[in-house]
Every structure is written in C-alpha cells, then in structure tokens.
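Working through the structure, step by step
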Amino acid sequence: MKKLASILVAFIMAIIPINTSFANDTGNINISSKSAVLMDVGSGKVLYEKQAHEKLPPASVTKVMTMLLCMEALDSGKLKLTDEVQISENASSMGGSQIFLEAGEVQDVDTLIKGIAVASANDACVAMGEHIGGSVEGFVDMMNQKAKELGMKDTNFVNTNGLPVDNHYTTAYDIALMSRELLKHEGISKYLTTWMDKVVVGKKKVEVGLANTNKMVKHYQGTTGVKTGFTQQAKYCLSASAKRGDTHLIAVTLGAETSPERFKDSSNLLNYGFANYESVKLCTKDDKIANMKIDKAEDENIELVAKDDLSLLIKKGGNKKFERKVKLNENLKLPIKKGSVLGQMEIYQNKKSIGKVDLVNTKDINKAGYIKMLQRVIENMF
C-alpha cells in the first residue's frame, strides 16, 4: 500500500507544473510585436521584455507624453478644463486622426483632451501644445525635458502627435515609464476609459462622434488605458494598462504587423502578469506615517504623510511579511514650505531594502516668535 501511495504521489508531482522562478518563466508567451515590455505600475518592476530598449517610431503613442504635460498643468492649477483655447491654422491643418478643428474657433481644454485620449486627434495635440508651450517647438522642448526627468534615456520627440518625421523615436521601456507617470494623474482615467463620446467642433458647431482607438477598453477586463498608434513606418503600436484589485500593469508593444496582433500581444502579457503576480499596497498617498518635533517651529509637532502610493509586487503566494523603518531629516532650516520632503519610509524584507516612499509635511512650517519660544522655556521649567 505504501509503495502504491508513493507511486501515486510521484505521478501527481510529474503532471502538475511547479513554478518556483520569479521573473524568468515567460517562455510560453509568444510575442509577435518587434518590441515589448510588461511593467508593474506600482513599483516600476519589469516583468517581461523583448528588445525593450530598441529605438523605434512610436506613432500616436507619442500622445502619452502630450497628455501627461496637460495633466501636470491641470493638477498644478496652471490650466483649467474650462479654459478656452484658440485654434490656430497650424493646428487645424493636421492630417491623420483628427476631430476637424477649424482655424479661429475656440475650444475648451476638456474637449481637446477628450479628442486626444479617445480619438487620437492630431489637431487637438497641436492646439494644446501651442496653448501650454507657447508654440509647438516650446511644447516639444517640454516633452523632451520631461522625458529626461523620467529617465527615458532612449527617447527624442520632434512633434506632439507622432506623425512621421525624422529623429522622432522612443522605446517600449520608455513608453512604459511615461505611461506609468500619466496613470498617476487620477483625472486622466475618465478620458482613457471612454469607449464612445462626441464633441461639437467648428464654427458651424458640428457634432463629431468619437470612438476609442484602444479596443481593449471594451474587450479586456480592468483596462485603464492608455494609447494606440499606427503609421506605415511604425506599424501597429500600443501602450495598454489594466488593473485588477491592487495590481496595476502596463504592457507596451511596438511594431506589430497587424492591429489584432498588438491587442493579442498586450492581452497575453497582461494575462501573464495577473496570473503570476500580485501587488501589496503598503500605503496610499497622503496616509499619515509619522510625527516630527521641531523645537523652533511655531507648531512644534509636525505630521508627515506619504508623498505617493507605495506598492510592492510579489509572486502570488509569496512572503508578505515586511519591516518598515522611518528615517527623519535632521538640521532643518525654517521656514519650510508645505509638501517638502522631510523624511523617508523604507521597506525591508529579509533585511533587504525593497521599496521606499518620501514623507512630506501637510502644511507650512514657520519659525516660532520670541514670545512663543519664551513660553516654552517657562513651561519646561515647571
């Protein structure tokens, strides 16, 4: 009986696939696109790559950066969704995908961002670029500066929309970086996940229907974005993101021969990610993490919160025990503006640092006046 049981166990172990590797078990994924990458939004960890750093034309996936700069301007208060934008002759002359803006008309920012995100409108990209950057050239400079800030080392933008032009290139990895940054802006979600809509454009106020070029919005569970692209030179490109539970992933594919291939490749990558990994959220932006005492401050008890969300990606069923250590900055000079980095929370597992988040103050910190300081000295005496 024991021998029979041993044979049975051996047989079961032989037919059940056991997966113990962390990131190199992607052999069953067949990616036909020329270049691809799968990245975790929370941690930035790369889970799969295929020629991810090869410089290629991105076509309309360029617009991820255009939308990112729009969202930064909105979130910083430099721009409002209701702001009016004068449409130039240059903007109205763009070919390819468009919402048929006319020179001289006025549109609000909301309509233009919707046109970019849903219909991949080249004319709306130029209009927003001119409005934010003062000119297309000024805006492109901003795009390239932001690319440097994000560590996009293999990227150079020449225009706002990805229409074919020399020396305009990026990589699957760099696209994942800027897509990840765009997804941090909550306001973009309603645009990226809109399947169909309409806008009113032109001096005659013509209604134009919009249909999202990213078919995964309708056909893939949990899709959060981001952007499609196509030109004869770039072929079919896609930055696709999806979220299930706390796990948020980006799959970028460049140079697919057909549109169905890019969607299939991205779906396969996302399926692999969701099947094998899970995100553990350790804190959310603005969560209270620590208190700091600054003796010479007007309010000496300072509350510190997380500057950003902090998530860690682990293999499904992996170790979820973490150690948190908070380190506060010393020798601070007053006054200190709200939102300044005054410390850091670092996460350890098995004594190895695996993640960290900056800690910031929730209000301005001013120096205490003479009377306040004298009062404290007297209180400490008794």
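Residues numbered from 1 in each chain as written. Predicted model: local features only at pLDDT ≥ 70, side-chain atom pairs only at ≥ 80, totals over all residues. Heavy atoms only, no water.

1. Things to note about the overall build of the chain
Along the backbone of the chain there are 11 helices and 16 strands. Residue burial in the chain is summarised as follows: out of 382 residues, 48% are buried. Considering only contacts within the chain whose residues lie at least 6 apart along the sequence, 62% involve residues at least 24 apart. Within the structure as shown, the chain displays about 19800 Å² of accessible surface, and the carbon and sulfur contribution to it stands at 50%. Between the averaged position of the 51 positive side-chain charges in the chain and that of its 45 negative side-chain charges there is a distance of 7 Å. (Helix = DSSP H or I, 4+ residues; strand = E, 2+ residues; numbered from the N terminus. Buried < 20%, exposed > 50% of the residue type's maximum accessible area, 1.4 Å probe, protein only. Contact = heavy atoms within 4.5 Å. Areas by Shrake-Rupley, 256 points an atom, 1.4 Å probe, with all protein chains shown as cover. Lys, Arg positive; Asp, Glu negative; His and termini not counted. Charge placed at Lys NZ, Arg CZ, Asp CG, Glu CD.)

2. Let's talk about the sheet that holds strand E16 (residues 352–361)
Adjacent strands of a sheet pair through backbone hydrogen bonds, lying either parallel or antiparallel. With antiparallel pairing, 5 strands are arranged side by side in an open sheet as E11-E12-E16-E15-E14. At either end of the open sheet lies a strand with only one pairing partner, and these are strand E11 (288–293) and strand E14 (323–328). Each strand axis lies, on average, 30° off the axis of its neighbour in the sheet, ignoring direction. Bridge count for E11 against strand E12 (residues 301–306) is 5 bridges, and the pairing is antiparallel. Within E12, the residue paired with Lys293 across the bridge is Asn301. (Pairing = 2+ DSSP bridges. Axes fitted to C-alpha atoms, helices over the stretch in contact; angles between N-to-C directions.)

3. Observations concerning the side chain of Asn122
Mapped onto the fold, Asn122 is located in helix H5 (residues 122–133). Aside from chain neighbours lying at most four places away, what touches Asn122 is Ser60, Lys63, Met94, Gly95, Gly96, Ser97, Gln98, Asn161 and Leu163.

4. Thoughts on the packing of helix H4 (residues 109–119) against H5
With their axes 8 Å apart at the nearest point, H4 and H5 run at an angle of 135° to one another. As summarised for this structure, H4 and H5 are arranged oblique, according to the angle between their axes. Our pair here, H4 against H5, has a crossing hand that is left-handed. Residues Val109, Leu112 and Ile116 of H4 form the contact with H5, whose participating residues are Ala124, Cys125, Ala127 and Met128. A class-by-class count of the residues in the contact of H4 with H5 yields 7 nonpolar, no polar and no charged. (Parallel < 35°, antiparallel > 145°, perpendicular 65-115°, else oblique. Left-handed = near helix turned anticlockwise from the far one by under 90°. Nonpolar A, V, L, I, M, F, W, Y, C, P; charged D, E, K, R; others polar.)

5. Brief notes about helix H2 (residues 63–75)
Within an α-helix, residues lying three or four positions from one another point in the same direction, as the helix has 3.6 residues per turn. The terminal C-alpha atoms of H2, which comprises 13 residues, lie 18 Å apart, in line with the 18 Å expected from a rise of 1.5 Å per residue. Where burial is concerned, most of H2 is hidden: 11 out of the 13 residues are buried. Listed as buried for H2 are Lys63, Val64, Met65, Thr66, Met67, Leu68, Leu69, Cys70, Met71, Ala73 and Leu74. Where H2 is buried, its residues touch H4, H5, helix H6 (136–149), helix H7 (172–183), helix H8 (189–192) and strand E7 (223–231). Count one or two residues on from H2 and you reach Gly77, which has phi positive near 90°. (Expected span 1.5 Å × (residues − 1).)

6. Examining the pairing of strand E6 (residues 206–211)
Note that strand E5 (residues 196–201) and E6 share 6 bridges and pair antiparallel. Across the sheet, residue Asp197 finds its bridge partner in E6, namely Leu210. What sits between E5 and E6 in their antiparallel hairpin is a turn of 4 residues, with Gly202 showing a positive phi close to 80°.

7. Quick word on the sheet that holds strand E1 (residues 35–40)
Pairing is antiparallel across the open sheet formed by 5 strands, whose spatial order is E2-E1-E9-E8-E7. The sheet is open, and its two edges are formed by strand E2 (46–50) and E7, each paired on a single side. Each strand axis lies, on average, 5° off the axis of its neighbour in the sheet, ignoring direction. Bridge analysis of E1 against E2 gives 4 bridges, and the strand direction is antiparallel. Counted as the bridge partner of Leu38 is Tyr48 from E2.

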